[in-house]
Amino acid sequence: MAVVFDSSSLVSADGPGPYTVSHTCSGSDRLLVACIAFYHSLSVVSALTYNGVALTRLGNLSDFQYNSEIWYLVNPASGANTLSLTLSGSQFGVGLMGLSFTGVDQTVPIAGYVSGSGTSTSPSVVASSGTDEMVVDCLCITHNGTLSVGADQTSRLNAISSSGAIKYAASTEPGASSTTMSWSNSTSQGWVYSAGVIKPAGSSPSGHPARKRHAGVPYVNLSLRPRIW
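The rules we used
- Residues numbered from 1 in each chain as written.
- Predicted model: local features only at pLDDT ≥ 70, side-chain atom pairs only at ≥ 80, totals over all residues.
- Heavy atoms only, no water.
- Helix = DSSP H or I, 4+ residues; strand = E, 2+ residues; numbered from the N terminus.
- Buried < 20%, exposed > 50% of the residue type's maximum accessible area, 1.4 Å probe, protein only.
- Salt bridge = Lys/Arg side-chain N within 4 Å of Asp/Glu carboxyl O.
- Pairing = 2+ DSSP bridges.
- Axes fitted to C-alpha atoms, helices over the stretch in contact; angles between N-to-C directions.

Caption draft 1: Looking closely at unusual backbone geometry. Residue Phe-64 is not a glycine yet carries a positive backbone phi of 35°. Along the chain, Phe-64 turns up in the loop between β6 (56-63) and β7 (66-74). Here Gln-65, not a glycine, exhibits a phi torsion of approximately 70°, which is positive. For Gln-65, the position within the fold is in the loop between β6 and β7. For Gln-65, a relative accessible area of 31% corresponds to the partly exposed category.

And the structure:
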């Protein structure tokens, strides 16, 4: 079974929050991914929930006051529920992007976090993935110029913070042994980039032990053999 994109949602604001948006999850073997982009080096995520259940952080990168983070919740409640984010301190631009998926492994739903930062027209990171997996990314970049998604990727969200300080975006791409996630910007700007690999249902070990050598051969206690005089 391959991972399938379900739906998306976003909210843009400034300040500590909380920021809330309604997100609808459907289907089976569900996963909710939250991509967070914000501008301020002294701020951190203090709460992130969906339907009141806390999400787990896969990874984050902060550089020159820009931040890109990926969080997730396995088996989120189905239907329309509230995705809520609260940050500490002050921010000059925040983007919260919700992405849900189906056909996802419920034991190890997402892994392989990679990140990078720089100043250029071509933000990119490279993830190691495989067949039936899906790579998801989270970009935070200075708001100046026109942003376009990379080849073979599907743009899921692309927006500007309400303050106009940053742009933020998320996309997906089917897994391959080496998957380059990238965006292009019409002017050279500072950026911070994250990506993770979503695992398909059934990719985790089943928990049944492998058959050991000599399995099924009856045990013989040699000490009980009759002695030969």
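Caption draft 2: Structural detail: the pattern of salt bridges. Per the counting criterion, the structure on display carries 2 salt bridges. For Lys-199, the salt bridge identified is with Glu-133, shortest N-O distance 3.0 Å. Note that Lys-199 is positioned in the segment after β17 (189-198) and Glu-133 in the loop between β11 (124-127) and β12 (134-142), a separation of 66 residues in sequence. In terms of burial, Lys-199 and Glu-133 fall into one category: buried.

Caption draft 3: The arrangement of the sheet that holds β7 in detail. Spatial strand order, β1-β9-β3-β7-β6: 5 strands in an open sheet with antiparallel pairing. Looking at strand neighbours, the two that pair on one side only are β1 (4-13) and β6, the edges of this open sheet. Between one strand axis and the next, the sheet turns through 10° on average, direction left out of account. Across 9 bridges, the pairing between strand β3 (residues 31-39) and β7 is antiparallel. Looking across to β7, one finds that Phe-38 is bridged to Asn-67.

Caption draft 4: Structural detail: the sheet that holds strand β8 (residues 79-87). Spatially, 4 strands are ordered β2-β8-β4-β5 in an open sheet, and the strand pairing comes out antiparallel. One side of each edge strand has no neighbouring strand; the edge strands of this open sheet are β2 (19-25) and β5 (53-54).

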